[in-house]
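Remarks on the overall topology
As a plain string of letters, each chain reads:
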Amino acid sequence: MRSVAEQSTDELGGRMSVLARQKSDHVVLNGLLEELQGSSGSAQQHALLRIYRLVFPHAFAEESVLWPVIRRALPEGDELTLEVEREHQEVNELVTTLETLPVGDARRVPVLDRLVEVLREDVRDEEDELFPRLQTRVGRRQLQLLGVAWEVVRRIAPTRAHPVVARRPPGNVVAALPLTAVDRLRDAVDARRLRGGAAPRPALDWVSRGLTRTAHAIEHLPLLGRGEDPSTRRGDRAAGFPWGTAAGAAALVLAVVALLRRRR
Ligand SMILES: [Fe+2]
Ligand SMILES: [Fe+2]
C-alpha cells in the first residue's frame, strides 16, 4: 500500500475524490503549523484561528461522513477509526485548554507543541494507513461521491473545539446545527478583535468569552453524547446540563445578534 502523500491526484481518484481533497487540506495545514511554530502574540492567535477554521470542520466531516463508511468497508475499520477519533479528541481538549490560558502565558508552550505533534500524527495515520486501505475497497466513482458529501458537510460544520460532544453519529450530527451557529458568530467576533492588533478590546473580549461558554454549555445537551465510544468520552460529560449558564448564554447570543444587526 502506498501512502496518499506519494500518489498523484489521478491515482487518488481525480480532483473530486475525497482523498485528493483530504491531501490538499493536509498540505495547507502543514503550512499553517509551520507558521504557528514561528509566531507569537497576535500573529500566533491569527495562525491558530486559521488552523481551527481548517481543522475542526475537516475533522467533523471525517467523523460524520467518512469513518462510518470505513467502519462498514474494512474489517479493521473500527480499530483504525477509533485511533483517529482519539487523536481528534485530544486536539479538542488541547484547544479547550488554550482557551483558558492568556496569550503570552508560558503554560501555553507545551500545549501548543503537543497540538502540532498530534495534528501531524493524525495526518500520517490517515494518509499512510486509513486511506490506502480504503482505496483497496472503494472505487473511483465512490471516492468522488464521498468527496462531494464530505465537502458539503465540511462547509456547514462547527469551527471550534467541542470536547464534550460525541466523536461519532448520531451525537455529533445533532450537535452540528447549534454549535455551527455559535462558532461562526465567535469567528466573526474574534476576527474583529484581532483586526485591532495588540490594542485592548474589552467589550469584544467579553462577548467572545461569553460565546465560548455558550458553546461549551450546549455540548452538555444529553443527545449530543449519543454514539460515543467510552475511550473518547470526557469525564465531565455526566455532570448534567448547566441550565443557568445556558440561559445566560442564550441571552448573550440574542444581544450580539441584535447588536450586529443594528450596526449594519
Ligand atoms: Fe484528514
Ligand atoms: Fe483527521
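Residues numbered from 1 in each chain as written. Chains lettered and ligands numbered in written order. Predicted model: local features only at pLDDT ≥ 70, side-chain atom pairs only at ≥ 80, totals over all residues.

**With respect to the domain arrangement of the chain**
For the chain, the domain assignment lists domain 1 (1-157) and domain 2 (163-264). Contact with domain 1, which involves 21 residues of that partner, is made by 17 residues of domain 2. For the side of domain 1 that touches domain 2, the secondary structure elements donating two or more residues are α2 (41-73) and α3 (77-100). A per-element tally of the side of domain 1 that touches domain 2 places α2 first, with ten residues. Residues belonging to the side of domain 1 that touches domain 2 are distributed by class as follows: six nonpolar, nine polar and six charged. (Domains from an automatic or database assignment. Contact = placed C-beta atoms within 7 Å. Helix = DSSP H or I, 4+ residues; strand = E, 2+ residues; numbered from the N terminus. Nonpolar A, V, L, I, M, F, W, Y, C, P; charged D, E, K, R; others polar.)

**Brief notes about helix α5 (residues 140-155)**
Think of an α-helix as 3.6 residues a turn; residues three or four steps apart then line up on the same face. In a regular helix each residue adds 1.5 Å, so 16 residues correspond to 22 Å; α5 covers 23 Å between its end C-alpha atoms and thus fits that length. Within α5, the full set of buried residues consists of L143, L146, G147, W150 and R154. The buried residues of α5 occupy an angular sector of 110° when projected down its axis, which confines them to one face. Relative to its buried face, α5 has exposed residues pointing more than 90 degrees away, namely R141, V152 and R155. Tucked inside the fold, the buried residues of α5 contact α1 (18-37) and α2. (Expected span 1.5 Å × (residues − 1). Buried ≥ 20, exposed ≤ 12 C-beta atoms within 10 Å, placed from the backbone. Arc of directions from axis to C-beta.)

**Side note on the nonpolar core**
The biggest cluster of nonpolar side chains holds 51 residues, and the ones touching the most others in it are L19, V55, F56 and L66. At twelve residues, α2 tops the list of elements feeding residues into this core. Taken domain by domain, this core gets at least three of its residues from each of domain 1 (1-157) and domain 2 (163-264). Here F56 is in contact with A157, P158, T159, R160 and A161, once residues within four sequence places are set aside. (Core = buried A, V, L, I, M, F, W, Y, C linked by C-beta atoms within 7 Å.)

**Description of the packing of α2 against α3**
Remark: α2 packs on α3, axes separated minimally by 10 Å, with the N-to-C direction vectors making an angle of 160°. Between α2 and α3, the angle is such that the two are roughly antiparallel. Seen from above, α2 lies across α3 with left-handed handedness. Here Y52, V55, A59, E63, W67, I70, R71 and A73 of α2 lie close against α3, whose contacting residues are G77, D78, L80, T81, E85, H88, V91 and V95. Within the contact of α2 with α3, the residues separate by chemical class into nine nonpolar, three polar and four charged. (Axes fitted to C-alpha atoms, helices over the stretch in contact; angles between N-to-C directions. Parallel < 35°, antiparallel > 145°, perpendicular 65-115°, else oblique. Left-handed = near helix turned anticlockwise from the far one by under 90°.)

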